[in-house]
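# Observations on the model geometry
Chain by chain, the residues:
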Amino acid sequence: MSVGPAATGDVSRTSRLLLSIAAVAVAFAAADTYVVVLALPDMMTGVGVPIDQLQRAAPIVSGFLLGYVAMLPLIGRIADLRGRVPVLVMALVLFALGSLITTLAYDMPSIVAGRFLQGVGGGGLVPATLALVADLYPVERRGIPLGVVSAVQEIGSVVGPLFGAAVLAVADWRAIFAINLAVGLVLAAAVRTLSPAADRERRLRRPDVVGLLLLLATLASALVVFLRPSVLMRDLTWGRLFIPFAGDGRWLTPIGAITVAALALLLTWCWFARRPLLDLRGWTRVLLEADLVGALLLALALGGVILAFATADPKVEVFSPRGRWYLLGALVAAAAFTWHVRRAASPLVPRGALRRTPAWGALLVSFFVGAALIAALIDIPLFARTTVYPDDQLPAALVLVRFLLALPVGAVVGGYLIRSLSPGVVTAIGMAMAAAGFVLMTRWGLTTIEEPIANLALITGGLGFGLALAPVNAALLAFTDDDVHGVASAFVVVARMVGMLIGISALTTIGLRRYYSEQLAIPPVQEVCDGKSKCKAFSDLLRVAGIAQEHAVFWGAAGCAVVAGVLALVVFREVRPTRLAARDVFSGHA
């Protein structure tokens, strides 16, 4: 049995501060998921993609999702092997590096690479932080901290678009990611400073001057490649650095070759030096111990699912034209991953890690929670655009804020309730409230969004989803071993994200079928408009058809919420309230 803070119940002030900073980092990374909502058109223009070719911008979004979801299990497993704090620091550094690349991006590959690294770093913060809660708090005191972490993660969906809008009001889109860079580095330094082993390591380690100089040289030359200062390019001598050896690629120039060479020297030094700036060999050993091969196979499987659904146009298709091939590749990778896990000596998912019903049940519940939640995040603003705000995106988005503000409140309340109620019961209550909220939304009409009664559905649904977040995480952590909390928490997040992707495609398809059936019943425009090609009466009929489409989506989301609630009652039936569970643990220990 653990003898750390989680076992004794003694959580120091430093540990609380560390968890608070980790929670802030989770919120900030979550905000970055939604920050591109308003900035995407400017980002497209900034990397040379015409604004009328929106489909080409899909990799900016899907690249972040790939990094966030596909690498989560590996990072969660590393957090179990290497420790929570080193993974938090490394995740923040990756997030900052991705922000730097995105800030300086000049074409689509560079901006997608930056967003991918942001996703890897931002996603890695979640399982490490959830596992840190389990490390620091005993079972009976985990509820509220888990609720707080879940709450701040959802606050990001509110803060993200508002943060993006505020920055865009005074600066270019690149300023958003420059701020991300600064905040990521500050948070990484704060986490590193608060690490229990930080003081001892600072006393033992000497600064790696050579490594630091090589890092600065690499960054400086890379900045020149990205920025291509006009003063240098016009100079007769320095301008030669920008003349390509072949083709027109920036990396096929002398300055590009210098950057690659500096990076190679930095990596070589970090591999062979006794005390390098980055312990490259140590991290490589951890990657291999964490089962890098298995992680890559799982990443391919998850990546296939993400690309199949995230690159589709939900208005006309469930998944993209190449979606079948993506799904086939995902199926092959999943089969290879299953075969690998059975044969590997130290697999990514240790054998039996999720064997208990509440553990694997938490993944299933999380999937359906995600499938229902995405309908609220996407279709509430769409409903507002369809009805009262057809020409203004901002007020339509602000309608969703009422839902999102209720969600973190519910998350904290849910964390408190599991002290005296079973997580299954709390989750079921939350999902029943979410379903009730969606049912109320199916009664919305052309002007309901502007009426106070709309708040009842929005607040009820937001509180319901919030109530379900902490109980699912608590059940998972209570029925998995301490040494797999990181990878188990990662899979809960993955399950919810995959549920969101599949849910929005399936629910949108259901809604479109309803829309087309309603549209067939509309008389021809000339008949409605007395021979004219356009009139308000015909537009109102189309809006009514659009409302019917959103109602169908809300009914489907309500069904997903009910399924999640029923599953929670079944799979969490042996999970007791945290107070009783802790009493059982201590009496058994005695």
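Just above, that's the structure.
Source: prediction; values computed, not measured.

### Overview of the overall build of the protein chain
Secondary structure summary: the protein chain contains 24 helices and 0 strands in total. By the burial criterion, 51% of the 590 residues in the protein chain qualify as buried. For the protein chain, restricting intrachain contacts to residue pairs at least 6 apart in sequence, the fraction spanning at least 24 positions comes to 78%.

### Section: the nonpolar core
Counting 133 residues, the largest nonpolar core has Ile380, Phe403, Phe438, Trp444, Phe465 and Phe572 as the members making the most contacts within it. Among the elements that take part in this core, helix H17 (residues 357–387) stands out by supplying 15 residues, more than any other. Aside from chain neighbours lying at most four places away, what touches Phe403 is Leu373, Ala376, Ile380, Leu458, Gly461, Gly462 and Phe465. In this structure, Ala57, Met108, Ile111 and Val112 belong to the second largest nonpolar core, which totals 19 residues.

### Considerations on a nonpolar patch on the surface
Together, Leu421, Val425, Ile429, Val562, Val566, Leu569 and Val570 line one region of the surface with nonpolar side chains, adding up to about 520 Å² of accessible area. Elements supplying a minimum of two residues to the nonpolar patch: helix H19 (423–441) and helix H23 (536–571). No other element matches the 4 residues that H23 contributes to the nonpolar patch. In this structure Val566 comes out as partly exposed when scored by relative accessible area, which is 47%.

### Looking at the pattern of salt bridges
If you walk through the whole model with that rule in mind, you get 5 salt bridges. Among the salt bridges present, the one from Asp80 reaches Arg84, with a minimum N-O distance of 2.8 Å. Residue classification places Asp80 among the buried positions, given a relative accessible area of 15%. By relative accessible area, Arg84 is classed as buried at 8%.

### Brief notes about the environment of Trp339
Along the polypeptide, Trp339 turns up in helix H16 (residues 323–343). Taking the C-alpha atoms as reference points, Trp339 and Gly294, 45 residues apart in sequence, are found 9.6 Å from one another.

### A few points about helix H21 (residues 485–520)
A rise of 1.5 Å per residue sets the reference length of H21, with its 36 residues, at 52 Å; its end C-alpha atoms lie 53 Å apart and thus fit the reference within 8%. Burial analysis of H21 places 26 of its 36 residues in the buried class, which makes it a mostly covered element.

### A few points about the packing of helix H4 (residues 58–70) against helix H7 (residues 108–136)
It is at 6 Å that the axes of H4 and H7 come closest, and there the two elements cross at 35 degrees. Classified by chirality, the crossing of H7 by H4 is right-handed. Taking contact as the criterion, the partners of Pro59, Ile60, Gly63, Phe64, Leu66, Gly67 and Tyr68 in H4 are, on H7, Met108, Ile111, Val112, Arg115, Phe116, Gln118, Gly119, Val120, Gly122, Gly123 and Val126. For the contact of H4 with H7, the per-class residue count stands at 11 nonpolar, 6 polar and 1 charged.

### Description of the side chain of Ser110
Along the chain, Ser110 turns up in helix H7. Those residues in contact with Ser110 that lie beyond four places of it in its chain are Ile101, Ala105 and Phe226.

### Structural notes on the side chain of Ser150
With respect to the helices and strands, the residue Ser150 is situated in helix H8 (residues 143–170). For Ser150, a relative accessible area of 3% gives the class buried.

### Topic: the packing of aromatic side chains
The geometry of an aromatic ring pair comes down to the distance between the two centres and the angle between the two planes. Under the criterion given, the structure shown has 13 aromatic pairs. Where Trp173 meets Phe177, the ring centres are 6.0 Å apart and the plane angle is 75 degrees; that geometry is what we call edge-to-face. Neither residue differs from the other here; Trp173 and Phe177 are each classed as buried. Every member of this aromatic cluster is reached through a ring pair, and the members are Phe383, Phe403, Phe438, Trp444, Phe465 and Phe554. The ring of Tyr106 is capped by Arg250, whose NZ or CZ atom sits 3.8 Å from the centre of that ring.

### Quick look at unusual backbone geometry
If you check the backbone angles, Arg228 has positive phi at about 45 degrees while not being a glycine. Checked against the element boundaries, Arg228 lands in the loop between helix H11 (209–227) and helix H12 (230–234). Residue classification places Arg228 among the partly exposed residues on the basis of a relative accessible area of 27%. We note that Asp291 has phi near 75 degrees; this positive angle belongs to a residue other than glycine. Residue position: Asp291 is located in the loop between helix H14 (280–289) and helix H15 (292–310).

### Some thoughts on the environment of Ser422
Its place among the elements puts Ser422 in the loop between helix H18 (393–417) and H19. Among the residues examined, Ser422 registers a relative accessible area of 17% and is labelled buried. Among the polar contacts listed, one links the side chain of Ser422 to the backbone oxygen of Val575, at a separation of 3.0 Å.

What counts and how
Residues numbered from 1 in each chain as written. Predicted model: local features only at pLDDT ≥ 70, side-chain atom pairs only at ≥ 80, totals over all residues. Heavy atoms only, no water. Helix = DSSP H or I, 4+ residues; strand = E, 2+ residues; numbered from the N terminus. Buried < 20%, exposed > 50% of the residue type's maximum accessible area, 1.4 Å probe, protein only. Contact = heavy atoms within 4.5 Å. Core = buried A, V, L, I, M, F, W, Y, C linked by side-chain atoms within 4.5 Å. Patch = residues over 30% accessible without salt bridge, like charges linked within 9 Å, V, L, I, M, F, W, Y side chains within 5 Å. Areas by Shrake-Rupley, 256 points an atom, 1.4 Å probe, with all protein chains shown as cover. Salt bridge = Lys/Arg side-chain N within 4 Å of Asp/Glu carboxyl O. Expected span 1.5 Å × (residues − 1). Axes fitted to C-alpha atoms, helices over the stretch in contact; angles between N-to-C directions. Left-handed = near helix turned anticlockwise from the far one by under 90°. Nonpolar A, V, L, I, M, F, W, Y, C, P; charged D, E, K, R; others polar. Phe/Tyr/Trp six-rings, centres within 6.5 Å; stacked < 30°, edge-to-face > 60°. Lys NZ or Arg CZ within 6 Å of the ring centre and 35° of its normal. Polar contact = N/O pair within 3.5 Å; in protein donor to acceptor, adjacent residues only side chain to side chain.

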